[in-house]
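Structural characterization, general
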Amino acid sequence: MQRYFISETEFTGAYIKADFHHIKNVLRMKTGDNIIVCFKRKAFLCQITEFANEVVRFNVIKENTGDSELKIEVTLFVGFPKGDKLDFICEKATELGAAKIKPVMMERSIVKLDERKRTERTIRLKRICKEAAEQAERNFIPEILAIEDLRKVLFKDYDYLFVCYERETENTMKKYFEKITPGSKIGVLFGPEGGISNSEFEYLKNNNFQSISLGKRILRAETAPLTFLSMLIYQYEL
């Protein structure tokens, strides 16, 4: 069933505005049709009652009790990669259950963005996550945090901070699975294509990051975040 994410104002007023065209003209839905409306991390089965003044009005039938969210709240700090790799990471990380994604400019990030382009890219990534969250039947859209340089990022309010480092050979996530419990907040950082510099690695260690390995092979920048999330899914959902 089609899923839509709306604001508090829309939910209180029982209407959907941004997706009016998609509902009425693309899917050609009619009054009486049912949809899923997501609000404040909850999903509700709703029935369309009216199309008027560029909004879709609905009645709430019941709250859906199913929960499709990871039991671990994961924030991905992603070293800004080149091309459209970040689009891919955000889309797939949304499907795999990430709670927040923060693109980070690092020493070996090839792409350089001014403030205007950073804002434009953030808007694009939010749209990608919205569409992926609808497809994956999630109850909320992962938050895309503002693009910042690594040394300006505040790493706080996490139970665990990890950095995936290709030179780490002994410390793996398996070591932490018994310690990490449902409800934990995890922040994990991944480098761009060129990896993490020595000075950045020391900086992260000084900010309470623990280095971990994701296996014996060197993973691409767009593969590592998805591997990490897949490990969590296997451990806490399967």
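Refer to the preceding data block for the structure.
Our focus in this paragraph is the sheet that holds strand β5 (residues 55-64). Read across the sheet, five strands follow the order β1-β3-β4-β5-β2 without closing on themselves; strand pairing throughout is mixed. Taken across any chain shown, the strands that pair with only one partner, and hence form the sheet edges, are β1 (3-5) and β2 (15-16). Where strand β4 (residues 42-52) and β5 come together, nine bridges link them in antiparallel fashion. Bridge pairing in β5 places F51 opposite V56.

With that settled, the discussion passes to the state of the cysteines. This structure, assessed with the given rule, holds zero disulfides. Not part of a disulfide, C164 finds its nearest cysteine sulfur in C90, a span of 16 Å. For C164, a relative accessible area of 11% corresponds to the buried category.

Within the structure shown, the criterion is met by 11 aromatic pairs. Each ring, one from F11 and one from F44, has its centre 5.0 Å from the other, and the planes form 40 degrees; the classification is tilted. In this pair, F11 sits in helix α1 (residues 8-13) while F44 sits in strand β4, placing the two residues 33 residues apart along the sequence. In terms of burial, F11 and F44 fall into one category: buried.

What counts and what doesn't
Residues numbered from 1 in each chain as written. Predicted model: local features only at pLDDT ≥ 70, side-chain atom pairs only at ≥ 80, totals over all residues. Heavy atoms only, no water. Pairing = 2+ DSSP bridges. Helix = DSSP H or I, 4+ residues; strand = E, 2+ residues; numbered from the N terminus. Disulfide = S-S within 2.5 Å. Buried < 20%, exposed > 50% of the residue type's maximum accessible area, 1.4 Å probe, protein only. Phe/Tyr/Trp six-rings, centres within 6.5 Å; stacked < 30°, edge-to-face > 60°.

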